[in-house]
Amino acid sequence: MENMTVVETNGLTKRYGNGVLAVDSVEMSVRRGEVYGFLGPNGAGKTTTLRMLVGLIRPSSGTATVAGYPPGDPAGMARIGSLVEAPGFYPYMSGRENLKVVADFASVNHKRVEEVLDIVELTSRAGRKFGTYSTGMKQRLGVAAALLKDPELLILDEPTSGLDPQGMAEMRKLIKDIGQGNRTVLLSSHLLTEVEQICDRVGVISRGKLVTQSTVQELLGEEGVLVRAQPVDHAYELLASMFGSAVVSRQDGAIRLQTDPAGSVEINSRLVAAGIGVSELRPFERSLEEAFFQLTGEKQGS
Amino acid sequence: MIATIKGEWRKNRFRPAFLVSSGIIGAIVVLVYGVNWYQALHPAAGDRQVSLLTLYPDQFVNSVMGAGFPLGAAMAIVLGALIAGSEYSWGTMKTTLTQGPGRLTTWFGRVVVFAAWMAILTLILFAIGAAASVVVASFEGHAIAWPAAIDIAKGIGAIWLVFAVNGAIGLALGVLIRNSAAALGVGLIYVLAVEILAVGFIDSLNGGAYRWIGNLFVGQNATALLQSFTSPAFGRSLAPSIGAEQAVLVLAAYFAGLVIVAAALIRQRDVT
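Criteria and cut-off values
- Residues numbered from 1 in each chain as written.
- Chains lettered and ligands numbered in written order.
- Predicted model: local features only at pLDDT ≥ 70, side-chain atom pairs only at ≥ 80, totals over all residues.
- Heavy atoms only, no water.
- Helix = DSSP H or I, 4+ residues; strand = E, 2+ residues; numbered from the N terminus.
- Buried < 20%, exposed > 50% of the residue type's maximum accessible area, 1.4 Å probe, protein only.
- Contact = heavy atoms within 4.5 Å.
- Areas by Shrake-Rupley, 256 points an atom, 1.4 Å probe, with all protein chains shown as cover.
- Lys, Arg positive; Asp, Glu negative; His and termini not counted.
- Charge placed at Lys NZ, Arg CZ, Asp CG, Glu CD.
- Pairing = 2+ DSSP bridges.
- Axes fitted to C-alpha atoms, helices over the stretch in contact; angles between N-to-C directions.
- Core = buried A, V, L, I, M, F, W, Y, C linked by side-chain atoms within 4.5 Å.
- Salt bridge = Lys/Arg side-chain N within 4 Å of Asp/Glu carboxyl O.
- Left-handed = near helix turned anticlockwise from the far one by under 90°.
- Nonpolar A, V, L, I, M, F, W, Y, C, P; charged D, E, K, R; others polar.
- Polar contact = N/O pair within 3.5 Å; in protein donor to acceptor, adjacent residues only side chain to side chain.
- Buried area = accessible area lost by both parts, 1.4 Å probe.

What follows deals with the overall build of chain A. Within chain A, the secondary structure is distributed over 11 helices and 14 strands. Each of the three principal axes of chain A carries a C-alpha extent, and together these read 75 × 45 × 45 Å. A total of 302 residues make up chain A; the buried ones form 52% of that total. In chain A, once contacts between residues fewer than 6 apart in sequence are set aside, the share between residues at least 24 apart is 67%. Put simply, chain A shows about 13,300 Å² of open surface, and 47% of that area lies on carbon and sulfur atoms. Averaging the locations of the 32 positively and 36 negatively charged side chains of chain A gives two centres separated by 6 Å.

On to the overall build of chain B, then. Across its full length, chain B holds 11 helices and zero strands. Listing every helix and strand of chain B by position from the N terminus yields α-α-α-α-α-α-α-α-α-α-α. Counting only C-alpha atoms, chain B reaches 60 × 50 × 30 Å along its principal axes. When each of the 272 residues of chain B is scored for burial, the buried share is 49%.

Attention shifts here to unusual backbone geometry. Residue and element names in this part refer to chain A. Pro231 follows Gln230 through a cis peptide bond whose omega is -10°. Looking at the secondary structure, you find Pro231 in the loop between β11 (224–230) and α9 (232–243). In this model, Arg207 sits at a positive phi of 50°, which is unusual for a non-glycine residue. Residue class for Arg207 comes out exposed when judged on its relative accessible area of 60%.

The next subject is the sheet that holds strand β7 (residues 153–157) of chain A. Residue and element names in this part refer to chain A. A sheet is described by the order of its strands in space; here six strands give the open sequence β6-β7-β8-β4-β9-β10, paired in mixed fashion. The two strands at the open ends of the sheet, each matched to only one other strand, are β6 (80–83) and β10 (209–215). Within this sheet the neighbouring strands show an average axis-to-axis angle of 15°, counted without direction. Pairing analysis gives four bridges linking β6 to β7, with the strands arranged parallel. By the bridge assignment, Ile80 is partnered in β7 with Leu153.

This paragraph deals with the nonpolar core. In a soluble, globular protein the nonpolar side chains are often hidden away together inside. A:Met28, A:Leu53, A:Leu186 and B:Trp107 are the most contacted members of the largest nonpolar core, which has 95 residues in total. Beyond its immediate stretch of four places on either side in the chain, A:Met28 contacts A:Val7, A:Glu8, A:Thr9, A:Tyr36, A:Phe38, A:Thr49, A:Leu53, A:Leu186, A:Leu210 and A:Gln213. If you look at the next biggest cluster of nonpolar residues, it comprises 48 residues, including A:Phe89, A:Ile175, A:Leu219 and A:Leu288.

To continue, consider the pairing of strand β13 (residues 254–257) of chain A. All names here are of chain A. Of the two faces of β13, the one lined by Ala254 and Arg256 and the one lined by Ile255 and Leu257 are each fully buried. Pairing of β11 with β13, which is carried by three bridges, proceeds in the antiparallel orientation. Bridge pairing in β13 places Leu226 opposite Arg256. The pairing of strand β12 (residues 248–251) with β13 spans four bridges and is antiparallel. Bridging across to β13, Ser249 finds its partner in Arg256. Connecting β12 to the antiparallel partner β13 that follows it, the hairpin turn spans two residues, and Asp252 within it adopts a positive phi of roughly 50°.

On to the pattern of salt bridges. Counted under the stated rule, the structure contains 27 salt bridges over all chains. For A:Glu97, the salt bridge is made with B:Arg10, and the minimal N-O distance between the two is 3.5 Å. Here the residue A:Glu97 occupies a position in helix α3 (residues 95–105), and B:Arg10 occupies one in helix α1 (residues 2–12), the pair thus bridging two chains. Among the ionic pairs, A:Arg282 bridges to A:Glu280, the shortest N-O distance being 2.7 Å. With relative accessibility at 24%, the residue A:Glu280 sits in the partly exposed group.

Structurally, the position occupied by B:Gln59 is in the loop between α2 (16–41) and α3 (60–64). Between the alpha carbons of B:Gln59 and B:Leu19 there is a distance of 27 Å; along the sequence they are 40 residues apart.

Attention now goes to the packing of helix α4 (residues 68–89) of chain B against helix α7 (residues 149–177) of chain B. Working note: a packed helix pair is described by the angle between its axes plus the distance between those axes. All names here are of chain B. Relative orientation of the contacting elements α4 and α7 amounts to 35°, with a least axis distance of 6 Å. The way α4 lies across α7 gives a crossing that is right-handed. Between α4 and α7, the contacting residues are Gly68, Phe69, Gly72, Ala73, Ala76, Ile77, Gly80, Ala81, Ile83, Ala84, Gly85 and Tyr88 on the first element and Ile159, Val162, Phe163, Asn166, Gly167, Ile169, Gly170, Leu171, Gly174 and Val175 on the second. Split by residue class, the contact of α4 with α7 holds 14 nonpolar, eight polar and no charged.

For the rest of this paragraph, the subject is the side chain of A:Thr184. Residue and element names in this part refer to chain A. Topologically, Thr184 is positioned in strand β8 (residues 184–189). Of the polar contacts made by the side chain of Thr184, one reaches the backbone nitrogen of Gly33; its length is 2.8 Å. Contact partners of Thr184, with chain neighbours within four places excluded, come to Val6, Val30, Arg31, Arg32, Gly33, Glu34, Glu152, Leu153 and Leu154.

As a further point, take α1(B). Within the sequence span of α1(B), burial applies to B:Ala3, B:Thr4, B:Gly7, B:Glu8, B:Arg10, B:Lys11 and B:Asn12. On its buried face, α1(B) is in contact with α3 of chain A together with α2, α4 and α6 (103–140) of chain B.

Once that is clear, we can look at the environment of B:Glu195. All names here are of chain B. With respect to the element layout, Glu195 can be found in helix α8 (residues 180–204). Between the alpha carbons of Glu195 and Gly80 there is a distance of 18 Å; along the sequence they are 115 residues apart. Look past the residues within four positions of Glu195 in its chain and what remains in contact with it is Tyr190, Phe217, Val218, Gly219 and Gln220.

Attention shifts here to the interface of chain A and chain B. Interface size is commonly expressed as the accessible surface area that is lost when the partners come together. Each partner contributes residues to the interface: chain A has 30 residues there, and chain B has 32 residues. Around 2,600 Å² of area is buried between chain A and chain B when both sides are counted, 56% of it from carbon and sulfur atoms. For chain A, the biggest contributors to the area lost against chain B are A:Leu56, A:Tyr92 and A:Phe105; these three give 29% of the whole. Counting the contacts that link chain A with chain B gives four salt bridges. Residues A:Asp104 and B:Arg10 are paired through a salt bridge, measuring 2.8 Å at the closest nitrogen-oxygen approach. At the level of elements, α2 (74–77) and α3 of chain A are the ones that each hand at least two residues to the side of chain A that touches chain B. A per-element tally of the side of chain A that touches chain B places α3(A) first, with six residues. Taken together, the residues of the side of chain A that touches chain B sort by class into 17 nonpolar, five polar and eight charged.

Purely geometric numbers; function is a separate question.
Laid out in structure tokens, this is it:
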């Protein structure tokens, strides 16, 4: 049976010479065919981890298996496409010629260059020198280079970084398209909405540690019901007696119930029957932002 | 290795630095021939005596040696520093190292293509020197006769070795410093000032007792090798203290040593 795990790390750690612990015992597992979001604030250790996975940085301790091989192994690298941090190309050469250089290094037929230019919609501007490209075009060329090997694993490090809103939307659509089928995409980002929109599973890293790894849905937590009612104290007491105080909490003047939203009709009628005025009653879902800040211990808006 | 050589050649074949250097090396040869021709015809114009006989085709190998060091060598250092250092500043090091070939394969492919470019520059130097000597001979009504093929081959080999060794200094500095501008600055200061001062100081110690140490420096050996290409047409000259064979061995050892040290750095260090 084919191995379902494309990336597996065990205690992956990087401590730099100056004593800075950039990545601390990361245990990551990326499954075949999924789009995996590697989420964390700037400086959390995302890029260092990805650099270790593609063999650019040696771990201080721990191991990793990427596409079936240790990081940096030529056999494994032949199956991985990557764009780590800003795309690096020769500014005096055209986008097309740059891709041909990369194709030569990767032993890929030059016919593939035109195919990937088409995928990233850069064909019409492929003759221009890379040094004249906009940030969005540079990112697209970087993705095109990563696709040259038609890789089973695509590692993209903050691919929407520096793009304007339209460019970000286009890049996200491109990544979604690329991630169709059996290809695995490992995407790092500090943008919660991006991960929510694109990814199947997510790993959250904070201060070098992987604090959780789950599906986006699991991370968002159980569904609930949000109630705004007056008088609020009376409503709280009634709901606590109905569902138990463990699942009822107060938040910004509203009441939050960890219960199936299908019971909203019953909740409403009981509140109204008790003479409580209900101004809002709706299904409630924890935002990824909330989950993220809860997990990382970061303060919202800080 | 073939894949990395193909990639390195593709990115360097039209690289402005190499194209400009080709033009500069050609211009230097033309300038040297032009100035020497003028001084040979107008001996009162300067205090340096130049014989027209040195400018004819049979002496062209000896004549072009003057362009090898320090001018050609300085250019080779600049090129080496640019080729190696810019890979870091442009972020292309990570692009190439994540394609499949290992770090050492990528590095040696780069060295092979760089050495090939040094050979191209050497051939341009010789071709323009030969053409300039034919022009002088034609204008002066002198018969056109060429040096023996083996002498031309030795001359090409000598200049290539001097270019390659100095280029390797630039390459190694580019890898060490990971920045082209700083690497070429350090390289030029070393070859044009530090080494000359160091050799002068060492040679002056204890009545020249440590001259053998000074004779181990790149510049001394490059100069000795190039000066070994001379003939009676150039007048009397002092015999260099380093033999041509020894100079070739020392320079070859420098080339190999610098390439290996840089390879070790590339293999060991993180690419950040």
